[in-house]
Amino acid sequence: MMAEPKGSGDRLSRSVLEAVDGFSTVGELGTRLKDAKGVVRALAELERAGLIETLDARMARVAEQEARMVRGENFSERQEPSEVGRAPAAPATPPSKPQAAAKQKKVEVDQRRLERALSSGSNASVLDHVRVFFGNLGHNAIAGGGEKARKVRRAFVILAALAVVGGIGAAVAALGWQVSTLRQRVEHDAALWLGEPVRVARVGVAFHPWPVFELNDIQIGEGGSSHIDKAWGGPDWIDWMMSQPQRLAVSIKGARIEPALLLRLAGLGSSGDVWRLREVEVEALDIPVGKVPLGALSGAFMFARDGRWESARLRPQEVEVTYELLAQDGSVVASVIAPEAKFGATKLENLLVTGKLGLSGIDGAQFGANWLGGSVKGSVDINLGDAFGVKAQVNLDSVGFDALSGLLGAPTLVLGRVSGPMTVAGSADKFSELSKVLRWSGNYKVADGAINRIDLLEAMRRNGNGPISGGVTRFALMEGAFSKEPEKGSKIEIRHLSAGALSASGRVLIDESLNLRGALRCEVKTPVERLARLFAVEGTLQTFQLRPQGE
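For every chain, the first residue of the written sequence is number 1, and numbering continues from 1 onward in sequence order. In keeping with the predicted nature of the model, local features appear solely for residues at pLDDT of at least 70, side-chain atom pairs appear and are counted solely at 80 or more, and the whole-chain, interface and lining totals rest on all residues. To get the side-chain values, take all heavy atoms of the structure and skip hydrogens and water.

Visitor: Please give an account of a nonpolar patch on the surface that cites residues and values.
Guide: Like charges within 9 Å and nonpolar side chains (Val, Leu, Ile, Met, Phe, Trp, Tyr) within 5 Å are joined into patches, using only residues over 30% in relative accessible area that form no salt bridge. The Shrake-Rupley method, run with a 1.4 Å probe, gives the accessible areas here. Residue values count only the displayed protein chains as cover. Should a side-chain nitrogen of Lys or Arg be within 4 Å of a carboxyl oxygen of Asp or Glu, the pair is scored as a salt bridge. Together, Ile 158, Leu 159 and Leu 162 line one region of the surface with nonpolar side chains, adding up to about 330 Å² of accessible area. Only DSSP runs of H or I covering at least 4 residues are called helices, and only runs of E covering at least 2 are called strands; the numbering of each starts at the N terminus. Relative to the assigned elements, Ile 158 resides in helix 8 (residues 146-194).

Visitor: Explain the packing of helix 2 (residues 26-33) against helix 3 (residues 36-48) residue by residue, including any values.
Guide: Axis definition: a line fitted to C-alpha atoms, over the contacting stretch in the case of helices. Angles run 0 to 180 degrees between N-to-C directions. Interhelical geometry of helix 2 versus helix 3 gives an angle of 125 degrees and a closest axis separation of 8 Å. Considering their axes alone, helix 2 and helix 3 lie oblique with respect to each other. Considering the relative orientation of helix 2 and helix 3, their crossing is right-handed. Each of Val 26, Leu 29, Gly 30 and Leu 33 in helix 2 lies in contact with helix 3, whose residues at this interface are Ala 36, Val 39, Val 40 and Leu 43. Put simply, Ala, Val, Leu, Ile, Met, Phe, Trp, Tyr, Cys and Pro go in the nonpolar bin, Asp, Glu, Lys and Arg in the charged bin, and everything else, Gly too, in the polar bin. Of the residues in the contact of helix 2 with helix 3, the class split is seven nonpolar, one polar and no charged. Convention used here: angles under 35 degrees read as roughly parallel, angles over 145 as roughly antiparallel, angles from 65 to 115 as roughly perpendicular, and any remaining angle as oblique. In a left-handed crossing the near helix is turned counterclockwise from the far helix by less than a right angle, and in a right-handed crossing that turn is clockwise. Throughout, a residue-residue contact means that at least one pair of heavy atoms, one from each residue, lies within 4.5 Å.

Visitor: Describe in detail the confidence of the model for the chain, supporting the description with residues and values.
Guide: Confidence of the predictor at the level of single residues is captured by pLDDT, which takes values from 0 to 100. In the predicted model, the chain carries a mean pLDDT of 78, and 74% of its residues have values of at least 70. A low-confidence stretch, residues 1-9 stays under pLDDT 50, and its non-local contacts, those more than four residues away or across chains, total 17 contacts. Under a pLDDT of 50 for its full length, residues 77-92 has, in the predicted model, 18 contacts with residues more than four places off or in other chains.

Visitor: So what's going on with the pairing of strand 14 (residues 414-428)? Which residues, and what values?
Guide: Strand pairing follows a simple DSSP-based rule, namely that at least 2 bridges must link the two strands. The pairing of strand 13 (residues 388-400) with strand 14 spans eleven bridges and is antiparallel. In the strand pairing of strand 14, Leu 396 is matched with Gly 420. With nine bridges joining them, strand 14 and strand 15 (residues 439-452) adopt antiparallel strand pairing. Bridge pairing in strand 15 links Ala 425 to Arg 439.

Visitor: For the nonpolar core, give the residues involved together with the corresponding values.
Guide: One finds Leu 285, Phe 301, Trp 309, Trp 371, Tyr 444 and Leu 546 to be the most contacted residues of the largest nonpolar core, which totals 104 residues. Among the elements that take part in this core, strand 5 (residues 275-289) stands out by supplying seven residues, more than any other. Beyond its immediate stretch of four places on either side in the chain, Trp 371 contacts Phe 343, Thr 346, Lys 347, Leu 348, Val 376, Leu 396, Val 399, Leu 404, Leu 407 and Trp 440. Ranked by size, the runner-up nonpolar core spans ten residues in total, among them Val 16, Leu 17, Ala 42 and Leu 46. Definition of nonpolar core: a set of buried residues of the types Ala, Val, Leu, Ile, Met, Phe, Trp, Tyr and Cys, connected through side-chain atoms within 4.5 Å. Only protein chains enter the accessibility calculation, which uses a 1.4 Å probe. A residue is then buried if its area is under 20% of the maximum for its type, exposed if over 50%, and partly exposed in between.

This is the structure in structure tokens:
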């Protein structure tokens, strides 16, 4: 007879105790007995009384028993909750020492803990027994012990090895069956898609590391202007067997692709109904853009689901720069991204240039970078046809004037932060040499700066016509125009200089030997008087001096 729940004796507790089968959840019991809250209370009371236990607790108890068996400890079997009320079994006669030693030697961890836990006081279904069978089988194959488990693992290893060898053999056979006709199909389909002749020298089966088709010495265009040394890829097996268009992932090593082919590729539609490219990984790719070859590139070309080319991301091996290409409205938008780029003796940091790729450069590009403690941005046309040529509209923002003067080949004369629009143009054989040959022209504005080697206030106080030099003129604002021509020197026009009561304007020319000549008009205005004087600018940047010319 089943024992009454300790301390309850009510009908619901007895119903819950009878309904517990080891599989039903608390929610299912509450639905079955139509009293969810009462079921929760009854389960808690029954568990405290030791009449039921959770599956986790039962598993933990079984695992503890097995561990104690392995250690050879004596323990008394705990009565199962379903056996409460039965008379305890008579204690077994203790085994002799030889028998105990032999038993202990043969004891192994019982891996059927789940089956015992489920079958203890439970009404297990067929699905439960199936789950137990595969659970034990998986445990034996992965971490079980004993001779049976070792046999299971060996069987799994043999079956896996046979499956791998058989799969590789089947793949090689399937690929080899198609090799004889693959070259003609690739040449025909690729030429039809690209609109240019395509020739493949050799086709075979190779391992990369799995069996794939390998195509060697691919010539694209008249005279093979673009070529691919080696390409490989395998079919999309699922789509192939279902007679669906295959989306192929292809790898290329060693190639030269002309910009004209990229521009053509950007305007092409789907590659066909038999195969479509999904991704093309490249290594050692060269793209000759004008006189500047982009070489040793690696990365990937990505294609849309219908086979249209979408984008590419490429990086050279030795330079930390990224080239991104985006097919857009039949053209290619190219972006150059570099953490830093050397420009003369300075560095452009976080450089980004984006524009339309042409046959020999990038047209209408927008760019931006951090430079000389400030920033620079604007638009630029990059022509790489005969040399590295640029023509740009530049906006300087808080760029160090002293560093800019050094870049232009002049010692520091003006300190401060310069801002303003500039036009820059020039060409050189290398990008690193471009700063030496650029032509600059534009307007500038310098705030809170200083002019070295001359004190204009002191010059206004002095009498006579003797030369004046030395000192510093600090100003709140200086603005004007600036121009520089290679081999001709620089011209600085001071339209307005404001330094408290002092104001000035003038023009200074600096030749290639850093000789100065020009004129300044200075004015001091106070509430009681107004004083103006003219000065001639003489000397060099190192020996800058003013000579009074009168009032």
